[in-house]
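Structural characterization, general
Letter by letter, the chains look like this.
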Amino acid sequence: MIDLGLVAGEASGDLLGAHFVRALKQAHPALRAAGIAGPRLVQAGVDAVYSSDKLAVNGYVEVLRHLPELLWIRSRITRHFLQERPRVFVGIDAPDFNFTLETRLKQAGIPTVHFVSPSLWAWRPERIHRIGQAVSQMLVVFPFEEKIYQDAGIPVTYVGHPLADVIPLQPDVAAARVALGLQAGPVIALLPGSRLSEVKRHAQLMLDAAGSILQRQPEAQFVLPAASEPAAQLIRQAAQGRALPLHILNGQSHAALAACDVALVASGTATLEAALFKKPMVITYRVPALTAYLMRKKALLPWIGLPNILARDFVVPERVQEDATPAHLAADALAWLADAPRCQALADRFHAMHVSLRQNASARIAEALEPYLEGV
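None of the values given here were measured: they were computed from a predicted structure. (Residues numbered from 1 in each chain as written. Predicted model: local features only at pLDDT ≥ 70, side-chain atom pairs only at ≥ 80, totals over all residues. Heavy atoms only, no water.)

Time to look at the overall build of the protein. Tallying secondary structure elements over the protein gives 17 helices and 13 strands in all. Computed over its C-alpha atoms, the radius of gyration of the protein comes to 21 Å, within 12% of the 21 Å expected for a compact globule of 376 residues. For the C-alpha atoms alone, the extent of the protein along its principal axes is close to 60 × 40 × 40 Å. Within the protein, buried positions represent 53% of all 376 residues. Total accessible area computed for the protein in this model is approximately 15900 Å², and 53% of it derives from carbon and sulfur atoms. (Helix = DSSP H or I, 4+ residues; strand = E, 2+ residues; numbered from the N terminus. Rg over C-alpha atoms; globule rule 2.2 N^0.38 Å. Buried < 20%, exposed > 50% of the residue type's maximum accessible area, 1.4 Å probe, protein only. Areas by Shrake-Rupley, 256 points an atom, 1.4 Å probe, with all protein chains shown as cover.)

Set out below in structure tokens:
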């Protein structure tokens, strides 16, 4: 029997989960945890039955392509947990995968906790009924989400965002630049996403934009953190033949964000990280045309980036689909570099956002899970 079952869907879930697993292990050194995990959860002491990489698929078209493998993995991991019967199961993000799994486990009498709410406030609000069938408790990372679940009668706890706890309120820009070996001059971070599909869609776009920026800012330098070695290979291929002062990093996204003056960021958790580092940014995203069409039909909000959603305003530009061109990204980045007062006003706004999200999330999550782990 294991104490804690886990499924983390991708790199961001792996990172978020690792923080609270470490907190749990401090209180329960003998805690046995297993499930679908990435390298950070494994380092935190979780036995990986399958790797999180298997679930790192997004968009209708991409999911359909990988559906047989995803269904097979979900069937096998469901059987695994039904046999092992953990004291509690925690699904970290990956809602389409986890809610079906959580429903089966809850029906079998295994408590199910879901960490990180899906974007009910952005699209597909009808999922709230399915969530009620799947989860014993929901842990949310944004304060406005709590009322959504309270109104639906679903047990919920606002825990804050773990990244707000680990990212300093005042990043050390100079130290980050020294650590990355950067010279004087503007630094632009390029973050094309952690999934290989995202890197394929965004790396060339961002590198083309970098070339345009360099024409206007000859002293500019570019840092591009690669989430994995396969991602780094794709990036190196896209950068081949370009005369760019480009630093391709092995991970180190936080160092890149601390060091930069402005960031080009694929929509996702990295946009929140950029906001927590108080950086001006340009948010971009591309998906296959059919996926974009279906998502637009269901969209409830005018924003896609987390900083804009939290601010309820276009505080940073968003360049999506046909609007995501190298010329637009370069122009937006150059506009930030040329307007120090605007950058400072944005940093002040992001500081207030950071404080509101800084709730010692790992301790709050561990506290929420404590009733399930008595006797461990």
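The subject of this paragraph is unusual backbone geometry. The backbone of Arg-312 shows a phi angle near 55°, a positive value even though the residue is not glycine. With respect to the secondary-structure elements, Arg-312 resides in the loop between helix 14 (306-311) and strand 13 (318-320).

Here the focus is the packing of aromatic side chains. Following the criterion strictly, the structure yields 5 aromatic pairs and no others. The ring of Phe-97 has Arg-74 lying over it, and the distance from NZ or CZ to the ring centre is 5.8 Å. The positively charged end of Arg-342 is found above the aromatic ring belonging to Trp-336, 3.5 Å away from the centroid. (Phe/Tyr/Trp six-rings, centres within 6.5 Å; stacked < 30°, edge-to-face > 60°. Lys NZ or Arg CZ within 6 Å of the ring centre and 35° of its normal.)

The strand order across the open sheet formed by 7 strands is 3-2-1-4-5-6-7, and the pairing between neighbours is parallel. Each edge of the sheet is formed by a strand with only one pairing partner; in this case those strands are strand 3 (46-51) and strand 7 (156-158). For this sheet the average axis-to-axis angle between neighbouring strands, irrespective of direction, equals 20°. Pairing between strand 5 (residues 112-115) and strand 6 (residues 137-140): 3 bridges, direction parallel. By the bridge assignment for strand 6, His-114 is matched with Met-138. (Pairing = 2+ DSSP bridges. Axes fitted to C-alpha atoms, helices over the stretch in contact; angles between N-to-C directions.)

Summarising burial for strand 4 (residues 88-92): 5 of the 5 residues are buried, a large majority. Side-chain alternation along strand 4 places Val-88, Val-90 and Ile-92 on one buried face and Phe-89 and Gly-91 on a second face that is also buried. Pairing of strand 1 (residues 4-8) with strand 4 involves 5 bridges; the strand directions are parallel. By the bridge assignment for strand 4, Val-7 is matched with Gly-91. At this point the chain moves from strand 4, through helix 4 (residues 95-107), to the parallel strand 5, and the crossover so formed is right-handed. (Right-handed = clockwise from strand over helix to strand, strands pointing away.)

So, on to helix 4. With 13 residues, helix 4 ought to run about 18 Å at 1.5 Å a step, and its terminal C-alpha atoms sit 18 Å apart, in line with that. Those residues of helix 4 that fall on the buried side of the exposure criterion are Pro-95, Phe-97, Asn-98, Phe-99, Leu-101, Glu-102, Thr-103 and Leu-105. Looking one or two residues past helix 4, Gly-109 carries a phi angle of roughly 90°, positive in sign. (Expected span 1.5 Å × (residues − 1).)

Between its terminal C-alpha atoms helix 15 (residues 326-337) stretches 16 Å, which fits the 16 Å expected from 12 residues at 1.5 Å a residue. Of all the positions in helix 15, only Leu-329, Ala-330, Asp-332, Ala-333, Leu-334 and Trp-336 are classed as buried. In this fold, the buried residues of helix 15 make contact with helix 9 (196-216), strand 11 (262-266), strand 12 (281-285), strand 13 and helix 16 (340-357). (Contact = heavy atoms within 4.5 Å.)

Coordinates in, geometry out; function isn't part of it.
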